[in-house]
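These are the residues of each chain, in order.
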Amino acid sequence: MVSRDRLAGWYRHRLVWVAVILLAVAASVVVINRAAGQEAEPADLQAQIVARMRTTLEQADPGQHNHAGHTAQQGATEEKPPVICGVRVYGYEPTEATTLADVQQVYGFHLCGIAEQKRPWDVAVKLAGPLIMDMSTDPPGIQVVEATEGVRFIDRLRQMFPAKYATLAQEEALGAKEMADLRRRYDTAAGL
């Protein structure tokens, strides 16, 4: 038979172990939340960089990110058609930046369409390619990778981009979600 004192001691020790387990679980939750908070911050920074790049490109004169002499055809009105852009960020420097204000250079890709009224995407003037955005100036500077008479495109890309971003720029453009958003925004701007 189990005595009352022995039973009370067993419960007391059991409650201590329950308290220890709860304390360990609580500490684990705190550590996981802090780690998740640190991972969420760059995602927010990434979204801020994407928004800033898109806004900068859409507000800039197409000549600032012009490729191969393409310009929009002006109709009867003098109003410039809107430029609608999709962007992809390959990376930024300094890589340890935690706020948009800390970011100096952004390496990425842009695909923009000049949304002339009733002109479908398939025949719209488009501006596309890898670019470097200088975020230390206001407005940010835009430097597009282009071949020159003496330098091939791939060589120019390798000259301008750090190796890890140059490799990405050779392999990746816009993702499906960004492309779908770009097409939807273009169609709206072009009145389609």
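Residues numbered from 1 in each chain as written. Predicted model: local features only at pLDDT ≥ 70, side-chain atom pairs only at ≥ 80, totals over all residues. Heavy atoms only, no water.

Novice: Could you give me a rundown of the overall build of the protein, with the residues and numbers involved?
Specialist: Scanning the protein from terminus to terminus reveals four helices and four strands. Reading the protein from its N end, one meets helices and strands in the order α-β-β-β-β-α-α-α. Out of the 192 residues in the protein, the part that is buried amounts to 33%. When contacts within the protein are restricted to residue pairs at least 6 apart in sequence, those whose partners lie at least 24 apart make up 66%. Just so you have it, the protein exposes about 12,100 Å², and 56% of that area is on carbon and sulfur atoms. (Helix = DSSP H or I, 4+ residues; strand = E, 2+ residues; numbered from the N terminus. Buried < 20%, exposed > 50% of the residue type's maximum accessible area, 1.4 Å probe, protein only. Contact = heavy atoms within 4.5 Å. Areas by Shrake-Rupley, 256 points an atom, 1.4 Å probe, with all protein chains shown as cover.)

Novice: Please give an account of the packing of helix H2 (residues 153-160) against helix H3 (residues 163-171) that cites residues and values.
Specialist: In a packed pair of helices, the relevant descriptors are the angle between the two axes and the axis-to-axis distance. The N-to-C vectors of H2 and H3 enclose an angle of 145 degrees; their axes lie 8 Å apart at closest approach. In the packing of H2 onto H3, the handedness of the crossing is right-handed. Contact with H2, carried on its side by Ile154, Leu157 and Arg158, involves Ala166, Ala169 and Gln170 of H3 and no other residues of that element. A class-by-class count of the residues in the contact of H2 with H3 yields four nonpolar, one polar and one charged. (Axes fitted to C-alpha atoms, helices over the stretch in contact; angles between N-to-C directions. Left-handed = near helix turned anticlockwise from the far one by under 90°. Nonpolar A, V, L, I, M, F, W, Y, C, P; charged D, E, K, R; others polar.)

Novice: I'd like to hear about the packing of aromatic side chains, residue by residue, with values.
Specialist: Scanning all chains against the criterion turns up three aromatic pairs. An aromatic cluster of at least three residues, connected via ring pairs, comprises Tyr107, Phe161 and Tyr165. A cation over an aromatic ring shows up here: Lys126 above the ring of Trp121, its NZ or CZ 4.9 Å from the ring centre. (Phe/Tyr/Trp six-rings, centres within 6.5 Å; stacked < 30°, edge-to-face > 60°. Lys NZ or Arg CZ within 6 Å of the ring centre and 35° of its normal.)

Novice: Tell me about the confidence of the model for the protein, residues and numbers included.
Specialist: Averaged over every residue, the pLDDT of the protein is 79; the share at 70 or more is 69%. Per-residue pLDDT stays below 50 along residues 37-42; that stretch engages in one contact with residues further than four places along the chain or on separate chains. (pLDDT = per-residue confidence, 0-100.)

Novice: So what about the sheet that holds strand E3 (residues 126-134)? Which residues, and what values?
Specialist: The strand order across the open sheet formed by four strands is E1-E2-E3-E4, and the pairing between neighbours is antiparallel. The sheet is open, and its two borders are formed by strand E1 (83-93) and strand E4 (141-144), each paired with just one other strand. Pairwise comparison of adjacent strand axes, ignoring direction, gives a mean angle of 30 degrees for this sheet. The sheet contact formed by E1 and strand E2 (residues 105-114) spans 10 bridges and is antiparallel. (Pairing = 2+ DSSP bridges.)

Novice: I'd like to hear about the state of the cysteines, residue by residue, with values.
Specialist: On inspection of all chains with the given rule, the structure shows one disulfide. There is a disulfide in this structure between Cys85 and Cys112, and the S-S distance comes to 2.0 Å. Linking Cys85 and Cys112, the disulfide has an S-S dihedral of approximately 110 degrees and is accordingly described as right-handed. Of the two residues, Cys85 is situated in strand E1 and Cys112 in strand E2; the sequence distance between them amounts to 27 residues. Judged by its relative accessible area of 0%, Cys112 is buried. (Disulfide = S-S within 2.5 Å.)

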